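Chain residues, written in single-letter form:
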Amino acid sequence: NKRQNVNNSKNNSDAVGHGSKVHSRISGYLDTLDYEATRGYREFQRALTFQASTLRNPNTLIDGERHPNTTFQWGMIWRDLLPRRDPLSPYHCLCSAQITSQTGSTLKHAIQIGHSSNGSRLNDPYSPTKGIDYSYNTEVAMPPGDIGFAKAECGLSLHTPLPYYLKDWSIHLSGKCGAMQPFSFRRGSNMKGSRGDLHGLVPYIADRFYAGGPMSLRGFQPDGIGPRADPVTSPMRADSPRIETSNNEKATAVLLSAPSDALGGDIYYTGAIAASAPVPSMNLSILSNLRFMTFLNAGTVSGLCLPVDVILKGTRVSAGVGLYTSTPYGRFEMTYALPLRHGPKDVRKKLQFGVSMSFF
């Protein structure tokens, strides 16, 4: 995801009122989010946002310590959903009907409120062996936008060292979950819209939950689990007239069958249990923070109105080993995981690399 341009940005780092510790920021930006590889579309955004938070920079130490952070954000985002195109037939959308049915422009007007312990209760914010960390975020989309929903997410991680002769080992428990409910502002509306506008109850595809990938559900590709569309075939067959070039032939071979698009869900959860120990440094400073871990992951993405037993039966499970370390830019990990339980359309990947600002 690349931020293309930033304009009208203003930081108010001075206190709002005498003695206040609230920092505010007004910003406007253009952004393009590229999900073509996993979801079959790109999203072009034009946004105006206002944010107030108790910390100007969550990574800044105050008196040598980290502190919790509470945020409030208002945003107005004009979004264009652009379906994946076939480069050999540019007027053809190489994505599922579920994606093409939601193409076009939407206006999202939303308020978010969130809180994070921000690693203040951990002995190390990126490579903890002791402590607790948590966060939650709520979002409500409402008029004057044409998207309506309520969404909530929360995450929790617990870390504790083992006693006695295993004191170098630590046990880690982490989990994250979320749920959303699209709603209508029209009284008595029972219409089923093609997207999650104010007159329908189907969530807009860009607002749904997705899971998979490093730091989320190891052993699966990003957006690799949950509901998926059927694969789409390009109309440019191998025997179709075309310019005979090596690049064109290669593109035709690749795009005859596009990957199935991830459709997301209304509810998700991921969880992990892991054990870690320091890697012997052998007097090398570069290995001083390196730790070995073995883990078991589980998680799913599903619909909100499904029975609990159906949601639990759809749980994916993976297990593996890895190495991770704490860096100034976050937690870096390399893992090798084997999916133990997966669906027929899931996209799996055993060896993965990832960077994250939290353990869950």
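Above this note sits the structure.
Note that the structure is a prediction, hence the values are computed from the model and not measured.

Q: I tried to follow the overall build of the protein chain on my own but got confused; where do I start?
A: The number of helices and strands found in the protein chain is 3 helices and 17 strands. Relative to its full complement of 360 residues, the protein chain shows a buried share of 42%. Partitioning the contacts of the protein chain with sequence separation of at least 6, the portion at a separation of at least 24 is 64%. Just so you have it, the protein chain exposes about 19000 Å², and 59% of that area is on carbon and sulfur atoms.

Q: Help me out: how do you make sense of the nonpolar core in this one?
A: One broad trend across soluble globular proteins is that nonpolar side chains are buried collectively. Residues Tyr-41, Leu-81, Ile-99, Ile-205 and Ile-225 are the most contacted members of the largest nonpolar core, which totals 24 residues. Not counting the four nearest positions on each side in its chain, Ile-205 is found in contact with Tyr-41, Leu-81, Ile-99, Gln-102, Tyr-210, Ala-262 and Leu-263. Counting 6 residues, the second-largest nonpolar core is a separate cluster that includes Ala-274, Phe-295, Ala-337 and Phe-359.

Q: Which parts of the structure should I look at to understand the pairing of strand β17 (residues 351–356)?
A: Two faces make up the sheet, and in a regular strand the side chains alternate between them. Where burial is concerned, the two faces of β17 differ: the one with Gln-352, Gly-354 and Ser-356 is buried and the one with Leu-351, Phe-353 and Val-355 is not. Pairing between strand β16 (residues 330–341) and β17: 6 bridges, direction antiparallel. Pairing of Met-334 across the sheet is with Phe-353, part of β17.

Q: Quick question: what am I supposed to make of the packing of aromatic side chains here?
A: Ring pairs (aromatic) are described by centroid distance and by the angle formed between their planes. Per the stated rule, a full pass over the model turns up 3 aromatic pairs. Lying over the aromatic face of Trp-78, Arg-46 brings its terminal NZ or CZ to 3.7 Å of the ring centre. In this structure, Arg-218 packs its charged tip against the face of Phe-295, placed 5.0 Å from the ring centre.

Q: Please explain the layout of surface pockets as it appears in this structure.
A: Picture a little ball the size of a water molecule; that probe, rolled over the atoms, points out where space is still empty. Taken as a whole, the second largest pocket spans an internal volume of roughly 210 Å³. Looking at the second largest pocket, the residues that line it are Lys-21, His-23, Thr-54, Leu-55, Arg-56, Asn-57, Thr-60, Ile-62 and Pro-68. Among the residues forming the lining of the second largest pocket, the class breakdown is 3 nonpolar, 4 polar and 2 charged.

Q: Help me understand the pattern of salt bridges in this model?
A: Side chains that differ in sign of charge can pair as their charged atoms come close. In the structure shown here, the tally under the stated rule is 12 salt bridges. It is possible to trace a salt-bridge network through shared partners that takes in Glu-43, Arg-79, Lys-108, Glu-139 and Asp-207.

Q: Honestly, the state of the cysteines in this entry has me stumped. Any pointers?
A: What we call a disulfide is simply a covalent bond connecting the sulfur atoms of a pair of cysteines. Using the criterion set out here, one finds 0 disulfides in the structure. Of all cysteine sulfurs, the one in Cys-177 lies closest to Cys-154, which takes part in no disulfide; the gap is 3.4 Å. Take Cys-154: its relative accessible area is 37%, and that puts it in the partly exposed class.

Q: Explanation requested: the pairing of strand β2 (residues 23–34) in the structure shown.
A: The pairing of β2 with strand β3 (residues 41–53) spans 12 bridges and is antiparallel. Along β3, the bridge assignment pairs Gly-28 with Leu-48. The loop that links β2 with its antiparallel partner β3 comprises 6 residues; one of these, Gly-40, has a positive phi angle of about 85 degrees.

Q: What am I meant to see in the environment of Pro-83 here?
A: Within the secondary structure, Pro-83 sits in strand β4 (residues 69–83). Taking the C-alpha atoms as reference, Pro-83 lies 9.1 Å from Gln-102; in sequence the two are 19 residues apart.

What counts as what
- Residues numbered from 1 in each chain as written.
- Predicted model: local features only at pLDDT ≥ 70, side-chain atom pairs only at ≥ 80, totals over all residues.
- Heavy atoms only, no water.
- Helix = DSSP H or I, 4+ residues; strand = E, 2+ residues; numbered from the N terminus.
- Buried < 20%, exposed > 50% of the residue type's maximum accessible area, 1.4 Å probe, protein only.
- Contact = heavy atoms within 4.5 Å.
- Areas by Shrake-Rupley, 256 points an atom, 1.4 Å probe, with all protein chains shown as cover.
- Core = buried A, V, L, I, M, F, W, Y, C linked by side-chain atoms within 4.5 Å.
- Pairing = 2+ DSSP bridges.
- Phe/Tyr/Trp six-rings, centres within 6.5 Å; stacked < 30°, edge-to-face > 60°.
- Lys NZ or Arg CZ within 6 Å of the ring centre and 35° of its normal.
- 1 Å grid on protein atoms, 1.4 Å probe; cavity = no way out; pocket = protein on both sides within 12 Å on 5 of 7 lines; lining within 4 Å.
- Points joined across faces, edges and corners; volume = space filled by probe spheres on them.
- Nonpolar A, V, L, I, M, F, W, Y, C, P; charged D, E, K, R; others polar.
- Salt bridge = Lys/Arg side-chain N within 4 Å of Asp/Glu carboxyl O.
- Disulfide = S-S within 2.5 Å.

Interpretation in functional terms is not warranted from these geometric data alone.
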